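Summary of the model geometry
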Amino acid sequence: MEEDYENNELEVQPAVCLEEENDYGASQYVNNLLTSEWGEEEMEDPGFNLADLTPEEREVYDLKMQLQEKRQDVCDTSLFNEAQTAQPVTVKIRRRRDLKGHLTKVYAMDWSQDARHVLSASQDSRLLVWDTYSGNKIHAVELKCSWVMCCSYAPSGNYVASGGLDNVCSVYDLNDEEGNLSGKAIKVLTGHDGYLGECQFLSDKQILTSSGDHMCILWDIATGHQITALKDHQGEVDCLSVLPDNNTFLSGSTDMTVKLWDLREGMCKQTLVGHQSDVVDCKWLSNGTNFVTASDDGIVRLFDIRSDQEIAQYSYEYPQAGVSCVDTSLSGRIIFAGYDDFNVILWDTLLGELVAVLSEHGAKVSCLGVDKDGVALCTGSWDNLLKIWN
């Protein structure tokens, strides 16, 4: 992908962020305070009598107001206003290859670190490894459960993993001891009480999973034991995005929030709100302070952890289709979003403008990803196909 732009950085003034305390059994409307963004009118008139709150509920309410005030203090302008002088981006992108081989819907994909091979998961009970240069399948892993929802490629390229409605994460060795193609399951990680929404290798020795049981778990692959179990979401956790340092990651949930976690401390550091429906995908930008999210509410949102809030939205004037997957170009200037209406849309991050529409899939675009070199885009769909673009 060719990008024509000036060196524009996403700049947002940092803010001092207060930690959100746990709710001590507060009633539902106070619970809603922690997972929604309030405007000025709602802050002045919350819709209930503050005198009716218990001391614990009033503490939650006061903390919410403090957070809101801190966010508003640093929200003195918008990204689009500050970027008005930026030159529009020019993108030349075309479909290079169709990857045909799955018999049913493609649900997930992941690039290898060599930026050449792609792993895909489908409900035909197979994981396929593709050579994107030739378009050939070079490996097929048979799954015990056909209801697969996620897959991941290990950094070394020697292992792959998958999970789904069987509630377990299965890790496979692609090569045997003699270096021949294998696909043997070497470990089945059990411990979740709900479906696996996402899995991501941190290394050949550790993998992170998220689940419908509202939890994220860091695993030791060799022993099959849990290293850390993380729970703070109030809904199913459907997506993860890990920073390259392997210490910090994001999780998105059906509770409409995105949480920032520190694996060293084993705790949630920030909760970011804004979406009005399930958060189904999230991805860090390369700067490590911004990330983008996809949601069933039809809006792609850009967040900044320094200001503890959303800083931009990308959507049609009247969004009708949900956003199912999202990623960004290597520079962060272009956002790639896959939609339920079969389209992939390219958004200009700085200007908020629609750059291009890729309309070659025949069903919901369920997954997409940009390779680590930023050269190629892979999209997967319920039309059983994966497509390679650059």
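Anyway, here's the lowdown on the structure attached to this text.

The rules behind the values
- Residues numbered from 1 in each chain as written.
- Predicted model: local features only at pLDDT ≥ 70, side-chain atom pairs only at ≥ 80, totals over all residues.
- Heavy atoms only, no water.
- Helix = DSSP H or I, 4+ residues; strand = E, 2+ residues; numbered from the N terminus.
- Buried < 20%, exposed > 50% of the residue type's maximum accessible area, 1.4 Å probe, protein only.
- Areas by Shrake-Rupley, 256 points an atom, 1.4 Å probe, with all protein chains shown as cover.
- Polar contact = N/O pair within 3.5 Å; in protein donor to acceptor, adjacent residues only side chain to side chain.
- Pairing = 2+ DSSP bridges.
- Axes fitted to C-alpha atoms, helices over the stretch in contact; angles between N-to-C directions.

Turning to the overall build of the chain, a few remarks are in order. Along the backbone of the chain there are four helices and 30 strands. Considering the chain as a whole, with its 390 residues, one finds that 55% of them fall into the buried category. For the chain, the exposed surface amounts to about 17,200 Å²; the carbon and sulfur share of it is 44%.

As a further point, take the environment of N81. Residue position: N81 is located in helix α4 (residues 79-82). Residue class for N81 comes out partly exposed when judged on its relative accessible area of 44%. A C-alpha to C-alpha distance of 8.4 Å links N81 and L351, two positions 270 residues apart in sequence. For N81, the side chain forms a polar contact with the side chain of S78, separated by 3.1 Å.

Spatially, the four strands line up as an open sheet ordered β4-β5-β6-β7, and their pairing is antiparallel. The open sheet terminates on both sides in strands that have one partner only, identified here as β4 (106-111) and β7 (136-142). Shown here is a sheet whose adjacent strand axes are inclined to one another by a mean of 20°, direction ignored. Pairing of strand β5 (residues 117-122) with strand β6 (residues 126-131) involves six bridges; the strand directions are antiparallel. Note that in β6 the partner of H117 across the bridge is D131.

Pairing in this open sheet of four strands is antiparallel, and the strands run β12-β13-β14-β15 from one edge to the other. The sheet is open, and its two borders are formed by β12 (196-201) and β15 (225-231), each paired with just one other strand. Strand-to-strand twist across the sheet, computed as the mean angle between neighbouring axes with direction ignored, equals 20°. With six bridges connecting them, strand β14 (residues 215-220) and β15 associate as antiparallel partners. The residue bridging M215 from the neighbouring strand is K231, located in β15.

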